[in-house]
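# Chain and residue survey
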Amino acid sequence: MTLESDVLDLWQRYDDDAVDAETASPDDYDTLDAFLDALEAGEIRAAEKRGSEWEANEWVKQGILLNFGLRPTEARSYGGVDYHDVLPLRETSDLGERGTRNTPDGTTIRRGAYLGSDCIMMSPSFVNVGAYVGDGTLVDSCDTVGSCAQIGENVKLGANTLIGGVLEPVEDAPVIVEDGVSLGAGCRVTSGFVVGENTVVGENTLLSPRIPVYDLVEEEVLYGHLPPERRAFTRMVESSIGDHDLFAGGAYKPAVVAMDIEAETRDATKREEALRE
């Protein structure tokens, strides 16, 4: 038996109403704990890149859902703060061994989250269950990395950035931020959007599959992803609802413009290695 087969078996029983939080056995909880340990070690991931496409690992997302469905909500305490949840917070003793730092008073890492080597996590910030944060990535103040989000290596998440979570439906891939991306302060990335590697995104940009990306490099309109090696920012474009009588002056909607990235932009967002030594 493998961890995957154990999770799939437990999921089938749960889906058949053959097990719940009251009837789950010690062996069932051993499976759930081993599953969370594997997530935290980076041995399994909620999504992986196969070829040129990111695909969800459905069984991993099912394992996360099982941890909610089969665990009761309990009163917990951490750092003098009382709270109620089905999961405890993640133990962080392994982070220092890999050169990863999380500053005090507000860096919250939920059980089942992975942080790589040489990461920096500033307070306050939050990394949710199933999230993967690659080596050398900066999670800045007031950032949220949602459930199952996949963040690559050497990524810079500007302050007050939201990386949305996609836990269900299980077949949907989560938000992906590939290696070398820099997101300006206040960005929002939601609903399974993919940000291609080495792209620089301006402050307060909303990246969602519902908002068009006008790629001026390939001269095409895209939805759901930003190509690699772009400089992207928000602009307003005319909306068809502007023809309605209520909009006497016309109406506009947000869009994302993607251009070639200049050397000056890349230099302005380069890593400072001194922060990671």
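Whatever comes next refers back to the structure up there.
We now turn to the structure provided with this report. As the structure is a computational prediction, the values presented were derived from the model and not from experiment.

A few words now on the pairing of strand β1 (residues 47-50). Two strands pair when backbone bridges link them, and β1 and strand β2 (residues 53-56) are joined in this way by four bridges, in the antiparallel orientation. Pairing of Lys-49 across the sheet is with Trp-54, part of β2. In this structure, the hairpin formed by β1 and β2 is closed by a connection of two residues, where Gly-51 is found at a positive phi of approximately 70°.

An order of β7-β10-β13-β16-β19-β24 is seen for the six strands of this open sheet, with the pairing classed as parallel. Taken across any chain shown, the strands that pair with only one partner, and hence form the sheet edges, are β7 (114-115) and β24 (225-226).

Moving on: helix α3 (residues 58-69). With 12 residues, α3 ought to run about 16 Å at 1.5 Å a step, and its terminal C-alpha atoms sit 16 Å apart, in line with that. Counting buried positions along α3 yields nine of 12 residues, so the element is predominantly enclosed. Looking only at α3, the buried set comprises Trp-59, Val-60, Lys-61, Gln-62, Gly-63, Ile-64, Leu-65, Leu-66 and Asn-67. Against α1 (3-15), α2 (26-40) and β2 lie the buried residues of α3.

Their axes nearest at 10 Å, the elements α1 and α2 cross at an angle of 130°. In terms of their interaxial angle, α1 and α2 are classed as oblique. The two elements α1 and α2 meet at a crossing, and its hand is left-handed. Only Asp-28, Thr-31, Leu-32, Ala-34, Phe-35 and Ala-38 of α2 make contact with α1, whose side of the interface consists of Leu-3, Asp-6, Val-7, Leu-10 and Arg-13.

Let us look at the side chain of Glu-178. Here Glu-178 lies in the loop between β16 (176-177) and β17 (182-183). Judged by its relative accessible area of 9%, Glu-178 falls in the buried class. At a separation of 2.9 Å, a polar atom in the side chain of Glu-178 contacts the side chain of Lys-49. Apart from residues lying up to four places away in sequence, Glu-178 is in contact with Lys-49, Trp-54, Gly-152, Val-155, Val-194, Val-195, Gly-196 and Glu-197.

Conventions and cut-offs
Residues numbered from 1 in each chain as written. Predicted model: local features only at pLDDT ≥ 70, side-chain atom pairs only at ≥ 80, totals over all residues. Heavy atoms only, no water. Pairing = 2+ DSSP bridges. Helix = DSSP H or I, 4+ residues; strand = E, 2+ residues; numbered from the N terminus. Expected span 1.5 Å × (residues − 1). Buried < 20%, exposed > 50% of the residue type's maximum accessible area, 1.4 Å probe, protein only. Contact = heavy atoms within 4.5 Å. Axes fitted to C-alpha atoms, helices over the stretch in contact; angles between N-to-C directions. Parallel < 35°, antiparallel > 145°, perpendicular 65-115°, else oblique. Left-handed = near helix turned anticlockwise from the far one by under 90°. Polar contact = N/O pair within 3.5 Å; in protein donor to acceptor, adjacent residues only side chain to side chain.

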